[in-house]
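What follows is the residue order along each chain.
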Amino acid sequence: MLIAKCPVRDVLDRIGDKWSVLILKNLEEGPRRFGVLKRMIGDISQRMLTQTLRDLQRDGLIQRTVYPTVPPSVDYRLTKLGQSLMDPLEYLVQWSDRNHQKVRKARQSFDRTPPGAPA
């Protein structure tokens, strides 16, 4: 299969994005408001959080709910489709946790190797 012509590439791009994964994992426990998500993730910009939330909503993975309060309050939650992604995503997170040190060592080794030298 050619990845460049893969019909599910746009879906893989979304669920493979680091911000999407972090947002989805933080919504797994239940609904969250924007500010709570921002604090939980920490190093995401407000602009990137806004855009990623919109993209996840567009893809049907999260739902945005506006409550008629003054000022209006908004929260985000996983949809059924988003919930169905949590098990496969958890396997990826577990793999990442188990292999993080190996990946770091491989990067360090690669970075020390001069370009063009045999690995």
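That block above? That's the structure.
The structure contained in this document is the topic of the report that follows. (Residues numbered from 1 in each chain as written. Predicted model: local features only at pLDDT ≥ 70, side-chain atom pairs only at ≥ 80, totals over all residues. Heavy atoms only, no water.)

This part takes up the overall build of the chain. Counting secondary structure elements, the chain contains five helices and three strands. Ordered by position from the N terminus, the helices and strands of the chain form the series α-α-β-α-α-β-β-α. The C-alpha radius of gyration of the chain comes to 18 Å, more than 25% above the 14 Å expected for a compact globule of 119 residues. On the principal axes, the C-alpha backbone points of the chain span a range of 65 × 35 × 25 Å. A burial count over the chain gives 28% of its 119 residues as buried. Considering only intrachain contacts with a sequence separation of at least 6, the fraction spanning at least 24 residues in the chain is 45%. A total of about 9,000 Å² of accessible surface is found on the chain, and carbon and sulfur atoms cover 55% of it. Separation between the mean location of the 21 positive side-chain charges and that of the 13 negative ones in the chain comes to 4 Å. (Helix = DSSP H or I, 4+ residues; strand = E, 2+ residues; numbered from the N terminus. Rg over C-alpha atoms; globule rule 2.2 N^0.38 Å. Buried < 20%, exposed > 50% of the residue type's maximum accessible area, 1.4 Å probe, protein only. Contact = heavy atoms within 4.5 Å. Areas by Shrake-Rupley, 256 points an atom, 1.4 Å probe, with all protein chains shown as cover. Lys, Arg positive; Asp, Glu negative; His and termini not counted. Charge placed at Lys NZ, Arg CZ, Asp CG, Glu CD.)

To continue, consider the sheet that holds strand 1 (residues 32-33). The three strands lie next to each other as 1-3-2, forming an open sheet whose pairing is antiparallel. Looking at the sheet topology across the chains shown, the edges are occupied by strand 1 and strand 2 (62-67). Bridge count between strand 2 and strand 3 (residues 73-78): six bridges; the pairing is antiparallel. Paired with Gln63 across the strands is Arg77, a residue of strand 3. (Pairing = 2+ DSSP bridges.)

Turning our attention to the environment of Gly60. Within the secondary structure, Gly60 sits in the loop between helix 4 (46-58) and strand 2. We classify Gly60 as partly exposed; its relative accessible area is 26%. Through-space distance from the C-alpha of Gly60 to that of Met86 is 14 Å; in sequence the pair is 26 residues apart.

We now examine the pattern of salt bridges. In total, this model carries five salt bridges according to the counting rule given. Asp59 is paired through a salt bridge with Arg14; the nearest N and O atoms lie 2.8 Å apart. Placement of the pair is Asp59 in the loop between helix 4 and strand 2 and Arg14 in helix 1 (residues 9-15), with a sequence separation of 45 residues. For Lys25, the salt bridge goes to Glu90, with nearest N and O atoms at 2.4 Å. (Salt bridge = Lys/Arg side-chain N within 4 Å of Asp/Glu carboxyl O.)

Take the packing of helix 2 (residues 18-27) against helix 3 (residues 34-41) next. Where helix 2 meets helix 3, the closest approach of the two axes is 10 Å, and the angle between their N-to-C directions is 115°. At the point where helix 2 passes helix 3, the crossing takes the right-handed sense. Note on element contacts: helix 3 touches helix 2 through Leu37, Met40 and Ile41, opposite Trp19, Leu22, Ile23, Asn26 and Leu27. The residue makeup of the contact of helix 2 with helix 3, split by class, is seven nonpolar, one polar and no charged. (Axes fitted to C-alpha atoms, helices over the stretch in contact; angles between N-to-C directions. Left-handed = near helix turned anticlockwise from the far one by under 90°. Nonpolar A, V, L, I, M, F, W, Y, C, P; charged D, E, K, R; others polar.)

Worth remembering: the numbers are spatial, not functional.
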